[in-house]
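Next come the chains, spelled out residue by residue.
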Amino acid sequence: MIPLLDLKQQYRSIKPEIDAAIANVLENALFVLGREVAAFEEEFAAYCRAPHAIAVNSGTSALHLALLAAGVGPGDEVITVPFTFIATIASIGYCGARPVLVDIDPATFNIDPSRIEAAITPRTKAILPVHLYGQPADMDPILEIARRHNLVVVEDAAQAHGAEYKGRRTGSLGHLACFSFYPGKNLGAYGEGGAVVTANPEFNRTIRMLRDWGAERKYEHLLKGYNYRLEGMQGAILRVKLRYLERWTEARRAHAAQYRSLLRPPVVTPCEMPYARHVYCVYSVRVPHRDDVQARLAAGGIQTAIHYPVPVHLQPAWTDLGYGSGDFPAAEQAAREVLGLPIFAEMTGAQVHAVAEALQ
Ligand SMILES: Cc1ncc(COP(=O)(O)O)c(C=O)c1O
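On a predicted model such as this, the values are computed, not experimentally measured, just so you know. (Residues numbered from 1 in each chain as written. Predicted model: local features only at pLDDT ≥ 70, side-chain atom pairs only at ≥ 80, totals over all residues. Heavy atoms only, no water.)

Thoughts on the overall build of the protein
Inference 1: Summing up its helical and strand segments, the protein has 12 helices and 14 strands in all.
Inference 2: Rg of the C-alpha trace for the protein: 20 Å, near the compact-globule value of 21 Å for 360 residues, within the 12% margin.
Inference 3: For the protein, with 360 residues in total, the buried portion stands at 55%.
Inference 4: When contacts within the protein are restricted to residue pairs at least 6 apart in sequence, those whose partners lie at least 24 apart make up 69%.
Inference 5: If the 35 positive side-chain charges of the protein are averaged to one point and the 37 negative ones to another, these points end up 2 Å apart. (Helix = DSSP H or I, 4+ residues; strand = E, 2+ residues; numbered from the N terminus. Rg over C-alpha atoms; globule rule 2.2 N^0.38 Å. Buried < 20%, exposed > 50% of the residue type's maximum accessible area, 1.4 Å probe, protein only. Contact = heavy atoms within 4.5 Å. Lys, Arg positive; Asp, Glu negative; His and termini not counted. Charge placed at Lys NZ, Arg CZ, Asp CG, Glu CD.)

Written out as structure tokens, the structure reads:
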């Protein structure tokens, strides 16, 4: 049996440090925000090479607050992609704004910058590129379009901790960036978690207030806020894991390189762009007859996953956006063909070999 990822094995590899960090939170009873979360915020901002990180209770909350801080509200439009996790789209909806979708570049699975300008209207407020699977979107043309049209760029970096674009880290590329610490992510909490990263002191201040009932001081509510605070326990756990993130990322990249050297057509391996440090949160190949291939791998004890089988514009909950089948051919084709292979730091070369051989 080869799992998609193995969080139990990861825990065992760092158990003494994690157990001590949890015991420390219990002793100090700092259960919500507190010292550990504040220290994690500083360490994560430094990791992203950005001035500010604001920890929140999920990646979805991070997206919601980043968009609110960017001034996105009812009647506004936000440009993003149909080939992403539903949270990207939902967070735009939470602000009362409308997601405007543009197709992906089939080579990278990320937003195709050449399609953005045609989607801009007087109501457009922001562009929300997703660094899908852990490879940054092609940010320079996106930032250039945003500059010309006076738009805010919010990175959905939920899958891209430590990924780089032309040597710059995710979190320091757009005006705001949103990370998820969902357990299966490259940096995962033992529960829910997320963060917004920004260089802008005003955004930093607004988001700090919004995550904690719109208050800077207790019971002085300057903004209509939310209860989006990160738990102390998650902050303490994330501090331990952040110390291992570079080592784990390099292991993922080595597994990806091994897959690439072993797999041949008709399997199509992910394309790592010259500008990118891809962190392989997900290792998606394209294969013909994908569902049959997945079933046969499962029968052989190899777990795989499909991110994502149905693009957003074809989801029943979002038919009101008015899109239909055929509107985004690259996203629809990706949804039919992608297959995520097992990838996690503790995986052995023999396991990578076994997966590649079975798939081929
Ligand atoms: C691309 C993307 N955006 C947003 C999210 C939402 O993050 P969370 O699950 O922490 O709310 C996720 C992860 O689930 C994601 O993969």
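Text resumes after the structure shown.
Examining the sheet that holds strand β6 (residues 164-165)
Inference 1: Across the sheet, which stays open at both edges, the three strands sit in the order β7-β6-β12 with antiparallel pairing between neighbours. Here the strands that pair on one side only, and so sit at the sheet edges, are β7 (168-169) and β12 (276-277).
Inference 2: Pairing between β6 and β7: two bridges, direction antiparallel. Pairing of Tyr-165 across the sheet is with Arg-168, part of β7. (Pairing = 2+ DSSP bridges.)

Some remarks on the site of the ligand
Inference 1: Among the 16 residues in the neighbourhood of the ligand, the closest are listed as Gly-59, Thr-60, Asp-156, Ser-180 and Lys-185.
Inference 2: The separation between an oxygen atom of the ligand and a polar main-chain atom of Gly-59 is 2.8 Å.
Inference 3: Between the ligand and Thr-60, the relevant distance is 2.5 Å, taken from an oxygen atom to a side-chain nitrogen or oxygen of the residue.
Inference 4: In the complex, 93% of the free accessible area of the ligand, which totals 380 Å², lies under the protein chains.
Inference 5: Secondary structure elements with two or more residues in the shell around the ligand: α4 (59-69) and α5 (86-94). (Near = heavy atom within 4 Å. Polar contact = N/O pair within 3.5 Å; in protein donor to acceptor, adjacent residues only side chain to side chain. Areas by Shrake-Rupley, 256 points an atom, 1.4 Å probe, with all protein chains shown as cover.)

Thoughts on the pattern of salt bridges
Inference 1: Applying the stated criterion across every chain, the model contains 26 salt bridges.
Inference 2: The closest approach of N and O atoms between Arg-217 and Glu-220, which form a salt bridge, is 3.3 Å.
Inference 3: Of the residues examined, Arg-217 reaches a relative accessible area of 55% and is grouped as exposed.
Inference 4: Between Glu-250 and Arg-253 there is a salt bridge, with its nearest N and O atoms 4.0 Å apart. Of this pair, Glu-250 and Arg-253 both sit in helix α9 (residues 245-262), three residues apart, which is roughly one turn of the helix.
Inference 5: Overall, the relative accessible area of 41% leaves Glu-250 in the partly exposed class.
Inference 6: If you follow the salt bridges from partner to partner, you end up with Arg-49, Glu-164, Arg-169, Glu-246, Glu-250, Arg-253, Arg-260, Glu-272 and Arg-277 in one network. (Salt bridge = Lys/Arg side-chain N within 4 Å of Asp/Glu carboxyl O.)

A closer look at the nonpolar core
Inference 1: Counting 63 residues, the largest nonpolar core has Phe-83, Ile-116, Tyr-259, Val-285, Leu-341 and Leu-359 as its most contacted members.
Inference 2: Listing elements by their share of this core, those giving two or more residues are α5, β3 (98-101), α6 (139-149), α9, β13 (283-286), α11 (329-337), β14 (338-341) and α12 (349-359). (Core = buried A, V, L, I, M, F, W, Y, C linked by side-chain atoms within 4.5 Å.)

Topic: the side chain of Thr-108
Inference 1: With respect to the helices and strands, the residue Thr-108 is situated in the loop between β3 and β4 (124-127).
Inference 2: Overall, the relative accessible area of 5% leaves Thr-108 in the buried class.
Inference 3: With sequence-adjacent residues up to four places away left out, Thr-108 is seen in contact with Gln-135, Met-273 and Tyr-275.

Details of α12
Inference 1: Those residues of α12 that fall on the buried side of the exposure criterion are Val-352, Val-355, Ala-356 and Leu-359. Projection of α12 onto a plane perpendicular to its axis shows the buried side chains occupying an angular sector of 95 degrees, all on one side. Opposite its buried face, α12 presents the exposed residues Ala-350 and Glu-357, each directed more than 90 degrees away.
Inference 2: Elements that come into contact with the buried residues of α12 comprise α9, β13, α10 (290-299) and β14. (Arc of directions from axis to C-beta.)

A few points about the packing of helix α2 (residues 15-28) against helix α8 (residues 232-242)
Inference 1: Direction vectors running N to C along α2 and α8 enclose 150 degrees, while the axes themselves pass 9 Å from each other. As judged from the angle between their axes, α2 and α8 are roughly antiparallel. In terms of crossing hand, the pair formed by α2 and α8 is right-handed. Of the residues in α8, those in contact with Glu-17, Ile-18, Ala-21, Ile-22, Val-25 and Leu-26 of α2 are Gly-232, Met-233, Ala-236, Ile-237, Val-240 and Lys-241.
Inference 2: For the contact of α2 with α8, the per-class residue count stands at nine nonpolar, one polar and two charged. (Axes fitted to C-alpha atoms, helices over the stretch in contact; angles between N-to-C directions. Parallel < 35°, antiparallel > 145°, perpendicular 65-115°, else oblique. Left-handed = near helix turned anticlockwise from the far one by under 90°. Nonpolar A, V, L, I, M, F, W, Y, C, P; charged D, E, K, R; others polar.)

Quick word on the packing of helix α3 (residues 35-48) against α8
When two helices pack together, their arrangement is given by the angle between the helix axes and the distance between those axes.
Inference 1: Where α3 contacts α8, the axes come no closer than 8 Å and their chain directions differ by 35 degrees. Remark: the crossing between α3 and α8 carries left-handed chirality. Residues Glu-36, Val-37, Ala-39, Phe-40, Glu-43, Phe-44 and Tyr-47 of α3 touch α8, and the partners they reach there are Gly-232, Gly-235, Ala-236, Leu-238, Arg-239 and Leu-242.
Inference 2: Split by residue class, the contact of α3 with α8 holds eight nonpolar, two polar and three charged.

The values are spatial; any link to function lies outside them.
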